[in-house]
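Here is how the chains run, residue by residue.
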Amino acid sequence: MTLEITLAFLGFMIVGIMMSYISNGLLLRFSQSLGIRNKNDVTIRWANESKPSLGGIGFFIAFFFGMIAYSVIFNTENLFQNRPFVGLLTAGTISFIMGLADDAYNTKPFMKLLIQILCGVILVLTHNLIEITSIHWINVVLTIIWVVGIMNSLNMLDNMDGITGTISLFILISCLVSNIVLFGWNTDIWALTMLIQIGALIGFLFYNIHPSKVFMGDAGSQFIGLFVAFFSIHELWNIGNNIRLNPLTGGAITLIAFTPAITDTLTVVINRLRKGKSPMIGGKDHTTHHLVYAGLNDRQVWIVFLGIGFMAMLVTILSVIFAKSGNPWIAFFLTSYFFAVFFVLYRNTLIHKKQIP
């Protein structure tokens, strides 16, 4: 790795940290109401007090600044002629605006779903597509479902201090390392965009780890959900196409990387359907909540998910390295990590339930 690449990597990550940390600090100082739609919303939120939802603003500022900085420093490429990046920019902006509107006005769930689908369609139209079959329409449908699913999954997981920010951080690091393993150390737009957002997540976590001062909000969870969905397609799902392997290898690797998020969403959906309830309505029945019912405090739950996410990142990176070296079957074997985590956390939801007085 050359000195230029080292400085670019460190510079973009440090700038992301600083922009997120400073912007959240300033916004927290001057705004105490954004995202607080109802002072009694603690009946749905896990926290026992309402706090402003500002995290997404810092994420978007870092993303936008990173785009400008890249264009100025590496002016050999016109980003507006880069169709996949235009797709990320357009869908990311829409998801952020939609989330910001929801934080401020509590938009209708159906409207949110339509906009999430629109984000998926935009990615498809700009050639950001999961490619695991030779049948185009199946790939299109799978891509849209994946984008909508991850945007909702990370939104649902954002139910306790530090959880979604930490999990998203590990997923993006997995995507970044996959990019490096596949294409080497480089200063392309993808690597540097991931780096500045990794920095933004670190800056946000200074305020969001228990006891938090600020929530991520829908502006944050929707934007970061779209962001990690995009890069998981770009760096994980389509790894088989990049190194001429079975396309299903990418699906296995992606499942490992998203272990905490998919485990929580799948658990909630199964348990609510078993009770005849809608999976789309908020509640205190997530895997995180059941760990509290089992006797852990909020910080300990974060540490548990920190460990699960960190291990998922390591197993994902190991799978990518083996796939690159010609052993893609190991990724399928390593999905056992996902199933082990799912079994333990799901079983805990059956054993430790909320005690109703």
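Quick caveat, the model's predicted, so the values are computed rather than measured. (Residues numbered from 1 in each chain as written. Predicted model: local features only at pLDDT ≥ 70, side-chain atom pairs only at ≥ 80, totals over all residues. Heavy atoms only, no water.)

Concerning the environment of F85
Right, so step 1: Mapped onto the elements of the fold, F85 is located in helix α3 (residues 83-105).
Right, so step 2: The exposure class of F85 is buried, given its relative accessible area of 1%.
Right, so step 3: Distance from F85 to L350, taken between C-alpha atoms, is 43 Å for residues 265 residues apart in sequence.
Right, so step 4: With residues up to four places along the chain from it excluded, the contact list for F85 reads F63, M67, L79, I189, W190 and T193. (Helix = DSSP H or I, 4+ residues; strand = E, 2+ residues; numbered from the N terminus. Buried < 20%, exposed > 50% of the residue type's maximum accessible area, 1.4 Å probe, protein only. Contact = heavy atoms within 4.5 Å.)

A short note on the packing of aromatic side chains
Right, so step 1: Inspection of the entire model under this criterion finds 24 aromatic pairs.
Right, so step 2: Summarising the aromatic geometry, the rings of F9 and W185 are spaced 5.4 Å apart at their centres and angled 55 degrees between planes, so their arrangement reads as tilted. Of the two residues, F9 sits in helix α1 (residues 3-30) while W185 sits in the loop between α6 (163-183) and α7 (189-208), which places them 176 residues apart along the sequence.
Right, so step 3: A ring pair is formed by F63 and F227, whose centres lie 6.0 Å apart and whose planes are at 85 degrees; its orientation type is edge-to-face. Separated by 164 residues along the polypeptide, F63 in helix α2 (residues 55-73) and F227 in helix α8 (residues 217-237) bring together distant segments of the chain.
Right, so step 4: Under the relative-accessibility criterion, F63 is labelled buried at 1%.
Right, so step 5: The rings of F60, F63, F64, F85, F96, W190, F223, F227, F230 and F231 are connected pair by pair, giving a single aromatic cluster. (Phe/Tyr/Trp six-rings, centres within 6.5 Å; stacked < 30°, edge-to-face > 60°.)

Some thoughts on helix α4 (residues 109-125)
Right, so step 1: Helix length check: α4 (17 residues) gives 24 Å between terminal C-alpha atoms against 24 Å at 1.5 Å per residue, within 8%.
Right, so step 2: All of the buried residues along α4 are K112, I115, Q116, C119, G120, I122, L123 and V124.
Right, so step 3: Contacts from the buried residues of α4 go to α3, α5 (136-157) and α8.
Right, so step 4: Positive backbone phi, at 65 degrees, marks H127, one or two positions downstream of α4. (Expected span 1.5 Å × (residues − 1).)

Considerations on the pattern of salt bridges
Right, so step 1: Taken as a whole and assessed by the stated rule, the structure comprises three salt bridges.
Right, so step 2: Of the charged contacts in the structure, one is a salt bridge between D102 and K112, with a shortest N-O distance of 3.5 Å. Pair noted here: D102 is in helix α3 and K112 is in helix α4, with a separation of 10 residues, a long-range link.
Right, so step 3: Classification of D102 by relative accessible area gives buried; the value is 3%.
Right, so step 4: Judged by relative accessible area, K112 falls into the buried class, the value being 13%.
Right, so step 5: For the salt bridge of R272 with D285, the shortest nitrogen-to-oxygen distance reads 2.6 Å. Note that R272 is positioned in helix α11 (residues 259-274) and D285 in the loop between α11 and α12 (287-293), a separation of 13 residues in sequence.
Right, so step 6: Look at the salt bridges and you will find they share partners, linking D102, K112 and D218 into a network. (Salt bridge = Lys/Arg side-chain N within 4 Å of Asp/Glu carboxyl O.)

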